[in-house]
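Observations on chain architecture
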Amino acid sequence: MSETQNNVPEVDENKIIAERRAKLKALRDIGHSYPNTFRREDSSADLHAKYDEMSKEELEAAEPVRVKVAGRMMLRRIMGKASFATLQDHEGRIQVYVTRDELPEGFYNTQFKKWDLGDIVGAEGYLFKTNTGELSVHVENIELITKSIRPLPDKFHGLQDQEVKYRQRYVDLIVNEESRDTFIMRSKIVQHVRNFLIGKGFMEVETPMMHVIPGGATAKPFNTHHNALDMPLYLRIAPELYLKRLVVGGFEKVFEINRSFRNEGLSTRHNPEFTMVEFYSAYTDYHQLMDYTEELLKELAELTVGSTQVPYQGQVFDFGKPFARLTMKEAILKYNPSAKAEQLDDLESARELAKSLNVHVEESYGLGKVMTEIFEETAEEKLMDPTFITEYPAEVSPLARRNDENPFITDRFELFIGGRELANGFNELNDAEDQAERFKAQVEAKDAGDDEAMHYDEDYITALEHGMPPTAGEGIGIDRLVMLFTDKPTIRDVLLFPHMRPVQ
RNA sequence: GGGUCGUUAGCUCAGCCGGUAGAGCAGUUGGCUUUUAACCAAUUGGUCGAGCGUUCGAAUCGCUCACGACCCA
């Protein structure tokens, strides 16, 4: 532990940084003060879109196209009295051509040539094409807008170190196009999900992220404390119970693209804070939600991959055909040829089946939980193409409505793709008395040592007692969705700032 | 939590049967007016993740720790 921990850290210097600081000092001496006066008028992507098609001769014959560009200098090639430099802006690169004799006396040698890769530069001039056909700006005026003190990673290899990519994402974004593309795609996916739901008549809402009673999922929360009120608070583990309160209130179709927090370990699929979308629709059932989900995911496949065949880590998932729909029991039987349907009818034989399949079950588990464990351990990871699994037992679905014909199960589904759970939806339990019973069972489980079991949320029961219309609701994991459609193996690759242990 | 692998110059990587650390890029100096990972010449730069041990001698062998990656629970 350094004694400077809570103070100004020691400066991490090296020769390159010292040289750049000296250059900055020289700039300050002639009046440079990180100016905010350069007004860019053209983006690299726009210029390429408009003028890449024109030939060198056409550009020369036409009226000169005057442009004003700005960006970070990523490459530079000095050839005596003339130079090329590559400027990178928010969605591309543009090359500029600079000659000594067109700049003010002495500027080229005493200023331009002393700039560094990574500096942010503004340039004005006219478009032309080089002998090799690259659209470029013939510079008549160029200025240093922002001096960069720290050197960039290797201009060709970029930044390879995973740890630095995650800890210093800004560097990763500067030098690795693939990273930029991933997060641009993430933004497009979120936007599409939002537009899809709005198009279906849903209203976007924001509900509390600090909960007095953490609810809506079985998970361990993060604890915090409100000083003025001197009370404990929890970061939400799901927005579900608040969104359903809104349905009680009469907002019949609501959704929230929400950050939720779960106090669990880190893995390639788990980050302590993560994003999902939850949506609730009154007078709708879970079959409708499955249809919505299938429609949405097919659109996302087209948007991101441009095809119904979605490649992921060497495999290809088929989004073209109708998504498979299996009950949990059917899935267990399909992937465990040795199992017989009757074995899932009573607790005793289900336990024996679990044992024969090497699935660990606790003494306290009922039949529903044993079945679910068998499913999760033996079938889940084999569901590659998009597959809905239905008929989840009530025992593992404390917020879902029971099925009318078979009260052992609920009207619920989960969606699996590539062996991973992507979505979870069900007809909402709107019977306040049944919900109170389910909460009681959860509290008993908690008292028995299950620290992920739910709390009893009295106000939520009161809300249901006012009457919630029949409703179906669903949550979709946004991070996993982005992993899938950007072909990324770990959640850290789709989080701008994934959680990391602090450096010593 | 367990196992495997990694951590060397600002970046990308060599070096690992022990003998005082190298390359390319970046930087510095010089040359070059259509280059594009520009090129040519010269040159600076390292507590080899941290600590302990073995040894005449450790980047290299052993142990502990930190951080990361992958696999397993």
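In short, a report on the structure.

What counts as what
- Residues numbered from 1 in each chain as written.
- Chains lettered and ligands numbered in written order.
- Predicted model: local features only at pLDDT ≥ 70, side-chain atom pairs only at ≥ 80, totals over all residues.
- Heavy atoms only, no water.
- Pairing = 2+ DSSP bridges.
- Helix = DSSP H or I, 4+ residues; strand = E, 2+ residues; numbered from the N terminus.
- Patch = residues over 30% accessible without salt bridge, like charges linked within 9 Å, V, L, I, M, F, W, Y side chains within 5 Å.
- Areas by Shrake-Rupley, 256 points an atom, 1.4 Å probe, with all protein chains shown as cover.
- Salt bridge = Lys/Arg side-chain N within 4 Å of Asp/Glu carboxyl O.
- Lys, Arg positive; Asp, Glu negative; His and termini not counted.
- Charge placed at Lys NZ, Arg CZ, Asp CG, Glu CD.
- Buried < 20%, exposed > 50% of the residue type's maximum accessible area, 1.4 Å probe, protein only.
- Near = heavy atom within 4 Å.
- Polar contact = N/O pair within 3.5 Å; in protein donor to acceptor, adjacent residues only side chain to side chain.
- Nonpolar A, V, L, I, M, F, W, Y, C, P; charged D, E, K, R; others polar.
- Core = buried A, V, L, I, M, F, W, Y, C linked by side-chain atoms within 4.5 Å.
- Contact = heavy atoms within 4.5 Å.
- Axes fitted to C-alpha atoms, helices over the stretch in contact; angles between N-to-C directions.
- Left-handed = near helix turned anticlockwise from the far one by under 90°.

Attention now moves to the pairing of strand β3 (residues 92-99). Note: strand β2 (residues 82-89) against β3, eight bridges, orientation antiparallel. Within the sheet, the bridge partner assigned to threonine 86 lies in β3 and is glutamine 95. Once β2 ends, the chain turns through two residues before running back antiparallel as β3. Here β3 pairs with strand β5 (residues 135-146) via three bridges, running parallel. Bridge pairing in β5 links tyrosine 97 to histidine 138.

With that settled, the discussion passes to a negative patch on the surface. Taken together, the side chains of Asp431, Glu433, Glu458 and Glu465 make up a negatively charged region of the molecular surface. Along the chain, the position of glutamate 458 falls in helix α14 (residues 458-465). For glutamate 458, a relative accessible area of 58% gives the class exposed.

So, about the pairing of strand β4 (residues 120-129). Among the 10 residues in β4, seven count as buried, and that is most of the element. As paired strands, strand β1 (residues 66-79) and β4 are joined by seven bridges and run antiparallel to one another. Following the sheet pairing, lysine 68 is matched in β4 by glutamate 124. In terms of strand pairing, β4 meets β5 through 10 bridges, oriented antiparallel. Across the sheet, residue phenylalanine 128 finds its bridge partner in β5, namely serine 136. Where β4 folds back onto β5 in an antiparallel hairpin, the turn is made up of five residues, including glycine 133, whose phi is positive at roughly 90°.

Looking at RNA strand B, there are 42 residues lining it, with Glu19, Asp101, Asn131, Thr132 and Glu163 nearest. The contact atoms of RNA strand B, taken as those within 4 Å of the protein, divide so that sugar and phosphate hold 58%. Within the contact set of RNA strand B, a sugar or linking oxygen lies 3.2 Å away from a side-chain nitrogen or oxygen of asparagine 14. A distance of 2.3 Å separates a base oxygen of RNA strand B from a polar side-chain atom of aspartate 101. At the level of secondary structure, the elements contributing two or more residues to the surface near RNA strand B comprise α1 (15-29), β1, β2, β3 and α5 (162-167). When grouped by side-chain class, the residues that make up the surface near RNA strand B number 15 nonpolar, 13 polar and 14 charged.

Moving on to the nonpolar core. Membership of the largest hydrophobic core comes to 41 residues, with the highest contact counts inside it found for Val193, Val277, Leu297, Phe319, Leu481 and Phe485. If you tally residues by element for this core, the top one is helix α9 (residues 286-304), at eight residues. Not counting residues within four places of it along the chain, the set of residues in contact with valine 193 comprises Val277, Leu296, Leu300, Ile478 and Leu481. The next biggest cluster of nonpolar side chains, apart from the first, holds 25 residues, and it includes Val65, Val98, Val121 and Val137.

Next up on the list: the sheet that holds β1. In a beta sheet, neighbouring strands are held together by backbone hydrogen bonds and run either parallel or antiparallel to one another. An order of β1-β2-β3-β5-β4 is seen for the five strands of this closed barrel, with the pairing classed as mixed. Neighbour-to-neighbour, the strand axes of the sheet open up by a mean angle of 55°, direction not taken into account. Sheet analysis places β1 next to β2, joined by seven bridges and oriented antiparallel. Counterpart to methionine 73 in the pairing with β2 is leucine 87.

At a minimum axis separation of 11 Å, helix α7 (residues 177-199) and α9 run at an interaxial angle of 145°. For the element pair α7 and α9, the recorded crossing hand is right-handed. Residue-level contacts link Met185, Lys188, Ile189, His192, Val193 and Phe196 of α7 to Tyr292, Glu295, Leu296, Glu299, Leu300, Leu303 and Thr304 of α9. Partitioning the contact of α7 with α9 into residue classes produces eight nonpolar, two polar and three charged.

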